[in-house]
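For reference, the chains in residue letters:
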Amino acid sequence: LRRLSQLTYPDSEIFGDDPQMEYLEDERFRKLCLQVKECLSEFENRVWWQYVTGVSVADIAAGLDRDERPVHNAIYRIRKKLRQRLMPPEA
């Protein structure tokens, strides 16, 4: 998600003049976000959504009134969970 949010494409190149394709892509992204939200704990969700928007670990920890170590641990767990849940199995 962090990498995807940094990509910029002119809408005409991706969707052309087809608003239906744009709607389908938006819907696919919403489903992906819902999958992520459902597989993480409340604390992990709070950490993850800040992390993918570019908030530093130090700032996340300060905002949650925690040390940086639990935030780093949460990011590790989150990445592991998301890899298991979202990556297709290797053939």
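Our subject is the structure listed above.
Residues numbered from 1 in each chain as written. Predicted model: local features only at pLDDT ≥ 70, side-chain atom pairs only at ≥ 80, totals over all residues. Heavy atoms only, no water.

Draft legend 1. Representation of the nonpolar core within the structure. In this structure, Val47, Trp48, Val71 and Ile78 are the most contacted members of the largest nonpolar core, which totals 17 residues. Broken down by secondary-structure element, the contributors of at least two residues to this core are α3 (19-39), α4 (42-52), α5 (57-63) and α6 (68-86). Ignoring any residue separated from it by four or fewer positions in sequence, one finds Val71 in contact with Phe43, Val47, Val57, Ile60 and Ala61. (Core = buried A, V, L, I, M, F, W, Y, C linked by side-chain atoms within 4.5 Å. Buried < 20%, exposed > 50% of the residue type's maximum accessible area, 1.4 Å probe, protein only. Helix = DSSP H or I, 4+ residues; strand = E, 2+ residues; numbered from the N terminus. Contact = heavy atoms within 4.5 Å.)

Draft legend 2. Looking closely at the environment of Ser41. Along the chain, the position of Ser41 falls in the loop between α3 and α4. For the pair Ser41 and Ala74, spaced 33 residues apart in the sequence, the C-alpha separation amounts to 9.6 Å.

Draft legend 3. Region of interest: the packing of aromatic side chains. Following the criterion strictly, the structure yields one aromatic pair and no others. Between the NZ or CZ atom of Arg66 and the centre of the ring of Phe43, over which it lies, the distance is 4.4 Å. (Phe/Tyr/Trp six-rings, centres within 6.5 Å; stacked < 30°, edge-to-face > 60°. Lys NZ or Arg CZ within 6 Å of the ring centre and 35° of its normal.)

Draft legend 4. Geometry of the packing of α4 against α6. Here α4 crosses α6 at 90 degrees, and the two axes come no closer than 9 Å. Compared by their axis directions, α4 and α6 come out roughly perpendicular. Contacts between α4 and α6 involve Phe43, Glu44, Val47, Trp48 and Tyr51 from the former and Pro70, Val71, Ala74, Ile75, Arg77, Ile78, Arg79, Lys81 and Leu82 from the latter. The residue inventory of the contact of α4 with α6, partitioned by class, reads 10 nonpolar, no polar and four charged. (Axes fitted to C-alpha atoms, helices over the stretch in contact; angles between N-to-C directions. Parallel < 35°, antiparallel > 145°, perpendicular 65-115°, else oblique. Nonpolar A, V, L, I, M, F, W, Y, C, P; charged D, E, K, R; others polar.)

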